[in-house]
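Breakdown of the fold
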Amino acid sequence: MATPTPTHPPVACEDPPDLQLWRERLFHVTEQFVLSEEEWNTYWPHIDNVWSHRSTQVSKNGPIKTHYYDCRLKGRPPGAAPSLSNPNRKKRRRVARERDLCDMKIKVTEAVDGVSGLSMGVSMGSLSTAAGSMAAVSTGVGLSMEAASSMGGSSSMANASSMATAPSTSGSSIGASMATASSLSTALMATAPQMPTPTAQSHLQQPREWGPSCDNGQPQVDDTGSGGMHRHTLAYSDSIKKCSVHRELLKKSKELKSQQQQKTYHKKATGQAAQTVKKHSREHELKLFGSCFCPFVQRVWIALEFKEMDYQYIEIDPYAKPKELTDINPHGLVPALMHGEWGCYESTVLLDYLEDLGEGASLFPQDPRERAHTRLWADHANRNIVPGFYRLLQAQDAAKQAEYAGELTAEIVKLVDASHPQGPFFLGSTMSYVDVSVAPWFLRISRVLHNYRGWPLPDKNSRLGKWIDALETSEAVKNTTSDNVLYIDSYERYAENRPDISQVANAVNAGRGLP
């Protein structure tokens, strides 16, 4: 079905002047009146939620189009639109509502540009010619609106011997606009109507009988005294559907939010970590594939720096996995290690491999019991602290956040209680396998959880505070740590629990073990 032209302009953010008065006028349509092109384009998009276009008729006697509208609350039976039979039509999610809640109808008569000396006389109700409501439309496009009691009405048109001067609307003269072909003629078919006063009654009023229109073309007044022909208020129409202006603003707001959520993530290390990447960019048989924000990568990276081994660091985008990485790890996860022609992955396995190479300082003590003690609490960190970090960060419910914060605190306390009393590291004065395993998450707890979940920072004089300070000031940790903003930005997606962030996030949401 054709729709009235001109089309809707781009939506502005600010409301046009006298918007509420115009919405009331276009809602009640108590008299026939003519809109200029500017007024139509400005105000109709703010009220089109009330009206549902039904049909368009083109006059055989001249370039005139008549568009018929029903109140949207009238509804239409299922399958009434021909487009519904189109198998390629995209189906919309719609909420079913009761039909025939209102019988209000209007028609919009559109005069095509180039028509000169054309008279239009249309009355209310039965839409018969009314002698007291004639006006001449000058060269241009005229949009005449009126309320109708039935869709079967028609407009009669006659040639006028002379053109009438159109009275002003809303207190402004429109004589000048009638002289140009690019503008619409604005004229009232009678004197400018008073703006109707919205009723304070319930949204849906009782049905009423429709009577014939008066001889002078004035509309019927319903028994509520509202001056309109609707059986509900404008506010109720607004609650059923938003106008196109509001829908467009909501759409733009949604698009803006989507763009903000899809902002570019960090792909390169920053700060001192960036200097380390540059230092180890030369070709070497021992290659570490990593990404700047991944804590599992930082584990292996810290071990390489602690042992002062020669290696090549290859920084990759974890969301655009290169073939070199997938050849080592079919899942494309980092970290991955390539040593000559041999490759392997998984951070804990890679830590064991570097230890078995026997290069540099060892991460394990010589005493077998202390070595077992070290492995036991490294496993505790992997099973409890690491998943606890992600559970708390991804939780959106405040009650769940409080619950997970308590659980994570308890697991950290267990680890601290198992550590050397004086420290500052887990086994004492030297960094060990446990320190390397937990350091990336201690760093992210103080940066990420503190920022997004209000995690309290420990007292610097406490055992945990001294331990974290020792890690932060360690050369191996500093050399692999980027600026704080990188971590805060990178973990925003986790804090909002966006879908499909990573396999780790998906596993946490599903209640599975970490991949």
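As a convention, each chain's residues are numbered from 1 in the sequence order in which they are written. The model is predicted, so local features are restricted to residues of pLDDT at least 70 and side-chain atom pairs to those at 80 or more, both for listing and for counting; the totals for chains, interfaces and linings are taken over all residues. In computing side-chain properties, one takes all heavy atoms of the structure into account and sets aside hydrogens as well as water.

1. Some points on the sheet that holds strand S10 (residues 312–315)
Note the cut-off: If DSSP finds at least two bridges between two strands, the strands pair. Secondary structure elements are defined from DSSP: runs of H or I of at least 4 residues count as helices, runs of E of at least 2 residues count as strands, and each element is numbered from the N terminus. Here the axes come from fitting lines to C-alpha atoms, over the contacting stretch only for helices, and the angles between their N-to-C directions go from 0 to 180 degrees. For this analysis, residues touch if any pair of their heavy atoms sits within 4.5 Å.
Strands sit in the order S10-S9-S11-S12 across an open sheet of four strands; the sheet is mixed. The open sheet has two edge strands, S10 and strand S12 (342–345), and neither has a second partner. The sheet shows a mean angle of 20° between the axes of neighbouring strands, taken without regard to direction. As judged from the four bridges shared by strand S11 (residues 336–339) and S12, these two strands associate in the antiparallel manner. Across the sheet, residue methionine 338 finds its bridge partner in S12, namely glycine 343. Helix-sheet contacts for helix H6 (residues 295–307) involve strand S9 (286–290) and S10, and the interaxial angle to S9 is about 150°.

2. A short note on unusual backbone geometry
Going from valine 334 to proline 335, the amide bond is cis rather than trans, its omega being 10°. Among the secondary structure elements, proline 335 is positioned in the loop between helix H7 (323–328) and S11. Each neighbour pair has its own omega, and for glycine 423 with proline 424 the value is 5°, a cis peptide bond. Structurally, proline 424 can be placed in the loop between helix H10 (398–418) and helix H11 (433–453). With a phi angle near 80°, glutamate 346 is a residue other than glycine that sits in the positive phi range. Mapped onto the secondary structure, glutamate 346 falls in the loop between S12 and helix H8 (347–357). Of note in this structure, asparagine 497 is not a glycine but carries a positive phi near 50°. Relative to the helices and strands, asparagine 497 resides in the loop between helix H15 (492–495) and helix H16 (503–510).

3. Details of the packing of aromatic side chains
In plain terms, the rule: Paired rings are identified among Phe, Tyr and Trp, the last through its six-membered ring, by centres lying within 6.5 Å, and are further divided according to the angle between planes into stacked (under 30 degrees), edge-to-face (over 60) and tilted (the rest). Exposure is judged per residue with a 1.4 Å probe applied to protein chains only, and the accessible area is read against the type maximum: over 50% gives exposed, under 20% gives buried, and values in between give partly exposed.
Under the criterion given, the structure shown has 13 aromatic pairs. Ring plane angle 20° and centroid distance 4.2 Å describe the contact between tryptophan 301 and tyrosine 313, whose orientation is recorded as stacked. Here tyrosine 313 lies in strand S10 and tryptophan 301 lies in helix H6, a separation of twelve residues in the sequence. When its relative accessible area of 3% is taken as the criterion, tyrosine 313 is described as buried. Among the aromatic residues, those joined into a ring-pair cluster are Phe389, Tyr390, Tyr491 and Tyr494.

4. A few points about the pairing of strand S2 (residues 51–58)
Pairing analysis gives seven bridges linking S2 to strand S3 (residues 64–71), with the strands arranged antiparallel. What sits directly across from histidine 53, in S3, is tyrosine 69. The antiparallel pairing of S2 with S3 creates a hairpin that spans five residues between the two strands.

5. Topic: the side chain of histidine 280
Note on placement: histidine 280 falls in the loop between helix H5 (271–279) and S9. Not counting the four nearest positions on each side in its chain, histidine 280 is found in contact with Glu305, Met309, Tyr311, Gln312 and Tyr313.

6. Overview of the packing of H11 against helix H12 (residues 463–473)
Keep this limit in mind: Angles are sorted into four bins: roughly parallel if under 35 degrees, roughly antiparallel if over 145, roughly perpendicular if 65 to 115, and oblique for all others. Residues are grouped as follows: Ala, Val, Leu, Ile, Met, Phe, Trp, Tyr, Cys and Pro are nonpolar; Asp, Glu, Lys and Arg are charged; all remaining types, including Gly, are polar.
Closest axis-to-axis distance for the H11/H12 pair is 10 Å, and the angle between their directions is 100°. Taken together, H11 and H12 sit at an angle that is classed as roughly perpendicular. Residues Val434, Asp435, Val438, Ala439, Phe442, Leu443, Ser446 and Arg447 of H11 pack against Leu464, Trp467, Ile468, Leu471 and Glu472 of H12. Here the contact of H11 with H12 is composed, by residue class, of nine nonpolar, one polar and three charged.

7. A look at the confidence of the model for the protein chain
Put simply, the rule is: The score called pLDDT rates the predictor's confidence residue by residue, from a low of 0 to a high of 100.
Mean pLDDT over the protein chain works out to 77, with 69% of the residues at or above the 70 mark. Of the regions scoring below 50 in pLDDT, residues 114–142 engages in 109 contacts with residues more than four places distant in sequence or in other chains. Contacts for the low-pLDDT stretch residues 149–228, under 50 throughout, to residues beyond four places or in other chains number 166 contacts.

8. Here we look at the pairing of S9
Let me state the cut-off plainly: By definition, the crossover connecting two strands over a helix is right-handed if that path, from the first strand to the second, turns clockwise as seen with the strands pointing away from the viewer.
Buried residues dominate S9, accounting for five of its five residues. What you see with S9 is no split at all: Leu286, Leu288 and Gly290 on one side and Lys287 and Phe289 on the other are buried throughout. The pairing of S9 with S11 spans four bridges and is classified as antiparallel. If you follow phenylalanine 289 over to S11, its bridge partner there is alanine 336. As paired strands, S9 and S10 are joined by four bridges and run parallel to one another. Bridge pairing in S10 places phenylalanine 289 opposite isoleucine 314. As a crossover connection, the stretch from S9 through H6 into S10 is right-handed.

9. Examining the nonpolar core
Defined as follows: As used here, the term nonpolar core means buried Ala, Val, Leu, Ile, Met, Phe, Trp, Tyr and Cys residues forming a set that is joined through side-chain atoms within 4.5 Å.
In this structure, Phe389, Tyr390, Leu415, Phe442 and Trp467 are the most contacted members of the largest nonpolar core, which totals 80 residues. For this core, the leading source of residues is H11, giving eleven residues. If near-sequence neighbours (up to four positions away) are discounted, tyrosine 390 is found in contact with Pro295, Phe296, Trp441, Tyr491, Tyr494, Val504 and Val508. Val29, Trp51, Tyr69 and Cys71 belong to the second largest nonpolar core, which has 24 residues in total.

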